[in-house]
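# Observations on the model geometry
Take a look at the letters that make up each chain.
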Amino acid sequence: MEANLELRVATDIGGTFTDVVVYDPGSGRYSTAKSPSQVDDLAGGVMDALGLVVDEPGDVESFVHGSTVGINAFLQRRGERVILLATAGASDVYHIARGNRLDMYNIRYRKPVPLLPRRDIIPIGGRLDYRGNELTPLDHDDLRRAADRIRSEGVRSVAIGFLFSYMNPDHELAAAAALRELAPGVSVSLSHQVATEWREYERTASAVMDAYIAPPVSRYMADLSTRLADQGMPAPLRVMQSNGGIISAQAASERPLQTLLSGPVGGAAGGVALAEVLGRPNLICVDLGGTSFDVSLITEGQADSSPSAHLEGLPVLMPVVDIHTIGAGGGSLAYLEAGGLRVGPESAGAYPGPACYGRGGTQPTVTDANLFLGRIDPDYFLGGNLTLDTGAAEVALETLGRDLDLDADRLALGIIEVINAKMSQAIRTLTVERGIEPREFSLVAFGGAGPMHAVALAQELGIREVIVPPDPGGFSAWGMLQSAVRQDFSEAFFRDFSNLDTQDLGARFARLGDRAVSSLLGEGVASDRISLVQRLDMRYQGQEHTLTVTLPNGVTPAREDRLTALRRRFEDVYAARYGHSNPEASMETVNLRLTALGDVGRPLLQGNYQPDHPSELPSKTTPVLFSTGLFPTSRFNRHTLPPGCSIDGPAIVEESTATTVIPPEGKATIDEYGCLIIEAPPV
C-alpha cells in the first residue's frame, strides 16, 4: 500500500476471524482483510490482520477497535473475582435481585447465577436517605476490616454499591479513597459512576459487572496499545462502545462496562451510515459470521437503542444499541439430538474449524454444507487464502447422514434450512414480536456468511429487497470508521411534569453539558465538532418503567411552549410502542440524559464507484444445489462488476470477504455506491 500519513483503520474481533478495514483518503478506497482470531492471544490476532493490509503502521492516523474481551470474560465466566462492598442492612440486594421471571413460560426457569457468591459481599456501615442526606456516617472501621480481607485473599477487583449513591456519591468516593490507600493496586468500580440512576439492584449489578471485567479489559488494552506503539503506530487507540460511539482506550479501561457489546455494535453503526447514504431509513441489519448471528434495527435513520440491557438475565444500566444475538454462524455444528437434526449454538470456531478447513474438525458445519452444495468455491475462500477440502466436508456429512438416514445432499439442504429458521426467528424477535412489520424494511446482509443466506431469510420474512454493502465481511469494522466519539451522562430527576421548573431543568442540562464538553475535549475532539443531545426519561404517574424522549432543540425558561412539544413527543413514542396513549393522564420525569458526540470524520461511501477492471461476464459456471433442484449457476467476481450491471439468478457473487447467493428467479444490480441490490423472489 502506498505510504499515506492519513490512513484510517478499524479492526473487529470475531469468534472465528479478526477483520480489518483500511481507508485511504488519498485514493478514497478501502482495503479489507481477515485473519483467524487467536483465542489465547487476541491482540496477536489483531496484529496479524493489520499486517495483511498496512505496510507502514506509522502511516495510520486513526485506529478504532472492536473488542470482545469484556463480553468473552463475562460469557465464559473468566472474569476477575470481585468483592462487593454494600450498605449494611441492605447487603443482600444483589442476590435477592427481582422476583419477575424473564422467561415466563419456561417451566425450567432458574434465576440467573450472580457473578459473585454471597460470602464475597461485605456490609459497610453508613446510610443516606432517599434524597442523599446522611443519616449515619460511613464506618471506617468496617472499611479497614474489608481492606484487610481484600489484601489477605489477594482480591484484585472491588465493586462499591451503596444505597442512594446516585443522589449523593460522598460515601462511595470516601470508601474508594480509603481502599486505594489501604489496599493499593486494587481495581475499584463505583456504582454511581457506572450508572447514575435509581434502581438499587440494577445499579449494583452493573457495578459488579464492571468490576468483573475491568482487569482483563485493562490488561488487554494495555497489551494492544503497547504492541501498536512498538510497531511505530502514532495513532491513539480508540474503542467501540455498546452505545454506538467510540472512546479512547484509556477511557475504555476506566469504564470497561461500555465495551461489552463493542464488536456487534459496529454493524449497527455501519447500518446508520448506509441508511444515510442510500436514503433508506428503515433497515434490518444481519451479521452472520463464523460463530454468531447478530440482528439490529435502523428505524428513521437511527439505530434502535435502549438505556439498559439484560445479558444472560443480569441487568446492565447503560445505553446500548439493541442487538439480538444467537449462536448461529458458518462454524455452527450440526448433530443428532432426540432423533432430529440440530444446528448450533456450538461452533467449531477458527480451530479446528469446519471439517473442510482440514484442521482436524470432523463434525459437519454450515460452511461444510454450503461448500458441498456448490455455493462456496473451495479455491477462492477468503480470497484464495484458504483452500477448502470438499472431500472432508462430504465425509462429515455422510457420517452424520447415516445416523439420520439422509444422504449428503438432503442433509446439507436440511442444515441450511434449520439454520435459516433459527435466524428468521431471531429477526422476528426484534420485529414481529414488537409489532414491527419486516416487509416495510430492507435487509442489509454482512459478515462473512451473511450474504450467503440473506435472500432465503428475506423470502421467509416477506422482505423484497436485500442490500449487500461493499466488502460485507468487514462491514462491522467499516461501521466503526463511521462512528463519533461518544459519552453518555445521566442524572436522577424525579419531577411532576405539570409543575416542571424549566429553569432548573436548563441549569441541570447545562452542568451535564459542561462535563460532557470537557470530557470530549480530553478525548482530542475539537470544540467546534462537539454536539449535545438532551433526553428525558418520562412516564405516566403510577407506572414503573419509562420511555426516553429527545428534547425538541433543548428546553429553556424562555420557551416553555417546548414542553408542549415534549409532551406530544412522549405521546407519539408511547403510542408507537404500546399502540395507544393517554393524553389526559398526569406525567412525571425520572432521569435526565445527555449524549455528547464528537465528529472525528466519516469516510462515507461515495456515489462514484467504479471497479479497476470492469466486466459483467461470469468467471465460470458450476452446478449448485438449491431446494428446488440442481442448477448450472454463473459465478461472478464482485470486484469487476460495474454500476448498473444486472445479474439474473441463479448466480453466485464472490469476493475476498464473502459470498452472495442469488437463487433462481432472483435479480441483482450494482448501484453507484458499489452496493449489491437484490430483488428477492417471492416464495
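Criteria and cut-off values
Residues numbered from 1 in each chain as written. Predicted model: local features only at pLDDT ≥ 70, side-chain atom pairs only at ≥ 80, totals over all residues. Heavy atoms only, no water. Helix = DSSP H or I, 4+ residues; strand = E, 2+ residues; numbered from the N terminus. Contact = heavy atoms within 4.5 Å. Disulfide = S-S within 2.5 Å. Buried < 20%, exposed > 50% of the residue type's maximum accessible area, 1.4 Å probe, protein only. Pairing = 2+ DSSP bridges. Axes fitted to C-alpha atoms, helices over the stretch in contact; angles between N-to-C directions. Parallel < 35°, antiparallel > 145°, perpendicular 65-115°, else oblique. Left-handed = near helix turned anticlockwise from the far one by under 90°. Nonpolar A, V, L, I, M, F, W, Y, C, P; charged D, E, K, R; others polar.

### Structural notes on the environment of Ile213
Inspection of the secondary structure puts Ile213 in helix α7 (residues 200–230). Taking C-alpha positions, Ile213 is 25 Å from Ser35, a pair spaced 178 residues apart along the chain. Apart from the residues lying within four places of it in its own chain, the contact partners of Ile213 are Gly70, Ala73, Phe74, Pro256, Leu257 and Leu260.

### Some points on the state of the cysteines
Enumeration over the complete set of coordinates arrives at 0 disulfides. Here Cys675 is not disulfide-linked; the sulfur of Cys285 is the nearest cysteine sulfur, at 12 Å. Note on Cys675: relative accessible area 0%, which makes it buried.

### Some remarks on the pairing of strand β32 (residues 651–654)
Burial of β32 is two-sided: the residues Ala651 and Val653 facing one way and the residues Ile652 and Glu654 facing the other way are all buried. In terms of strand pairing, strand β30 (residues 629–637) meets β32 through 4 bridges, oriented parallel. Across the sheet, Asn637 pairs through a bridge with Glu654, a residue of β32. Strand direction decides the pairing type here: β32 and strand β33 (residues 659–662), joined by 4 bridges, are antiparallel. Within β33, the position partnered with Ala651 by the bridge is Ile662.

### Structural notes on the packing of helix α12 (residues 408–430) against helix α13 (residues 450–461)
It is the contact of α12 with α13, at a shortest axis distance of 10 Å, that shows an interaxial angle of 60 degrees. As summarised for this structure, α12 and α13 are arranged oblique, according to the angle between their axes. In this structure, the crossing between α12 and α13 has a hand that is right-handed. On the side of α12, the interface is formed by Ile416, Ile419, Asn420, Met423, Ser424, Ile427 and Arg428, while α13 contributes His453, Ala456, Leu457, Glu460 and Leu461. A class-by-class count of the residues in the contact of α12 with α13 yields 7 nonpolar, 3 polar and 2 charged.

Just geometry here; none of it tells us what the structure is for.
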